Amino acid sequence: SAADPGALRTPIVAVLGHVDHGKTTLLDRIRGSAVQEGEAGAITQHIGATAVPLETISDMAGSLVDPTDFDLPGLLFIDTPGHHSFSTLRSRGGALADIAVLVVDVNDGFQPQTEEAIDILKRTGTPFVVAANKVDTTPGWNPQEGEPIQRSLEKQSDRAENRLNENLYELIGDLSGKGFSADFYWRVQDFQSNIGVVPVSAMTGEGIPDLLTVLMGLSQRYMKAEMAVDVAGPGVGTVLEVKDERGFGATLDVVLYDGVVREGDTIVVGGRDDPIVTEVRALLQPRPNAEIRTEKRFERVDEVRAAAGVKIAAPDLDEAMSGAPVRVVRGDDVDAVKAEVRKEL
Ligand code: GTP
Ligand code: NA
Ligand code: MG
């Protein structure tokens with residue numbers, strides 16, 4: 001039964017994978033946006049964050065997801081760059097994740113940053129599913145816009161289905177070479193000890209209902225205890241970017257992964273020299289389904305709960321650093337929180 005959605009933390013889902021395998025396009029399909037088309041050189045160069053509400057997920061997943069089965073308020077998706085030069089950003093995105101989607105182009109298969117992403121997920125012990133993307137590029141494919149993958153497979157010729165299966169078995173073999181027992185997701189019983197492979201197309205939306213269903217199931221089944229921890233405690237987050245905003249000066253784009261931040265709160269942020277102590281002047285929240293990297297119409301709010309992307313306006317943020325921790329001071333003394341932030345830098 002659905003509990004108070006505010007009582008559980010939104011799970012953080014990192015999207016990782018090799019350059020151009022379709023991470024941003026996949027998120028565009030889910031949130032109904034075109035962020036990928038606006039990217040310089042068609043390359044993602046920053047970590048992004050998008051809150052996707054349960055309502056959007058159940059609309060997309062159709063009959064596969066019954067919203068009354070879920071207590072979670074939705075999912076916070078973290079987009080990461082796949083280009084080899086951004087390994088720091090991939091690690092940072094991976095470190096934020098509760099669960100992850102490893103996006104692999106079914107035709108390209110495992111590539112260097114696929115392996116790098118797997119190493120990050122192994123190191124951080126993050127459960128993940130594989131989105132075997134671009135199934136629509138299989139020769140002879142008969143696209144079935146937005147359909148669950150089984151329904152799409154019924155409409156494919158034997159030749160196209162066999163061709164896709166060859167690629168999928170190769171992927172399953174590569175995962176096994178990395179020490180993971182993997183299979184088509186519909187054969188997986190226990191997603192903690194087996195990796196589910198979900199065939200999808202970010203372009204046609206085929207398999208996206210399945211991917212969302214698996215992610216919700218994984219979050220709900222395995223993460224609920226963790227999601228219920230400390231939802232009202234002092235906010236803790238990571239700075240994605242420091243950006244000048246008209247009328248506010250330097251602001252922080254933050255992924256808040258724990259607790260609550262309120263207007264007027266004292267916060268400590270990692271800075272170039274010493275941690276910066278300042279007071280929150282405004283909290284600007286992207287709209288649901290909006291990518292914080294490209295959002296233009298932030299909503300001013302009194303408080304933000306984890307997990308969420310939020311722009312924090314406060315004095316003296318010019319020396320703040322991307323990747324630095326942000327901590328709300330509530331009850332504790334400032335020096336203790338400063339010491340904590342210094343330790344994390
Ligand atoms: P980086 O962030 O730079 O690592 O790339 P990415 O993984 O986010 O890939 P991106 O979304 O930029 O997509 C790369 C290219 O693949 C774009 O031209 C997309 O249109 C295309 N693409 C992505 N998904 C699909 C798909 O499912 N089918 C087809 N046919 N093309 C796709
Ligand atoms: Na790209
Ligand atoms: Mg991208």
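Structure: see above.
What this report covers is the structure whose coordinates are included nearby. (Residues numbered from 1 in each chain as written. Chains lettered and ligands numbered in written order. Predicted model: local features only at pLDDT ≥ 70, side-chain atom pairs only at ≥ 80, totals over all residues. Heavy atoms only, no water.)

## Some details on the side chain of T138
The test is simple: Helix and strand assignments come from DSSP, with helices taken as H or I runs of at least 4 residues and strands as E runs of at least 2, each series counted from the N terminus. Categorising residues by exposure relies on relative accessible area from a 1.4 Å probe, with only protein chains included: less than 20% of the type maximum marks a residue as buried, more than 50% marks it as exposed, and the intermediate range marks it as partly exposed. Polar contacts, as used here, are pairs of N or O atoms within 3.5 Å; protein pairs need one atom able to donate a hydrogen and one able to accept it. Residues neighboring in sequence count only if both atoms are side-chain atoms. Whether two residues are in contact is decided by their heavy atoms, any of which lying within 4.5 Å being enough.
Within the secondary structure layout, T138 lies in the loop between β5 (128–133) and α5 (149–153). Classification of T138 by relative accessible area gives buried; the value is 3%. Polar contacts involving the side chain of T138 include one to the main-chain carbonyl oxygen of V135, which spans 2.7 Å. In this view, T138 contacts A160, R163 and L164; residues no more than four positions away in its chain are not counted.

## Points about the nonpolar core
Operational definition: In this text, buried Ala, Val, Leu, Ile, Met, Phe, Trp, Tyr and Cys residues form a nonpolar core when linked through side-chain atoms within 4.5 Å.
Counting residues in each nonpolar core, the largest one holds 100 residues, and the members touching the most others are F77 and L175. Take this core: its biggest share by element is 9 residues, from helix α7 (residues 208–227). When neighbours within four sequence positions are excluded, F77 is seen to be in contact with V13, V15, L27, I30, G48, A49, T50, V52, L212 and L215.

## Describing unusual backbone geometry
Among all residues except glycine, the phi angle is most often negative; among peptide bonds, the trans geometry is most common. Note the cis peptide between A306 and A307, where omega equals -10°. Relative to the helices and strands, A307 is located in the loop between β15 (303–305) and β16 (308–313). One non-glycine residue, D20, lies in the positive phi region at around 65°. Looking at the secondary structure, you find D20 in the loop between β1 (12–17) and α1 (23–31).

## Let's talk about the pattern of salt bridges
Filter applied, for reference: Any Lys or Arg side-chain nitrogen located within 4 Å of an Asp or Glu carboxyl oxygen qualifies as a salt bridge.
Inspection of every chain in the model, using the stated rule, returns 25 salt bridges. The partner of R29 in a salt bridge is E145, and the shortest N-O contact between them spans 3.0 Å. Note that R29 is positioned in helix α1 and E145 in the loop between β5 and α5, a separation of 116 residues in sequence. Judged by relative accessible area, which is 53%, E145 ranks as exposed. Across the pair R327 and E344 runs a salt bridge, and its minimum N-O distance is 2.8 Å. Of this pair, R327 sits in strand β17 (residues 325–329) while E344 sits in helix α8 (residues 334–344), placing them 17 residues apart in sequence. Sharing partners across several salt bridges, the network here consists of K243, E245, D253 and K311.

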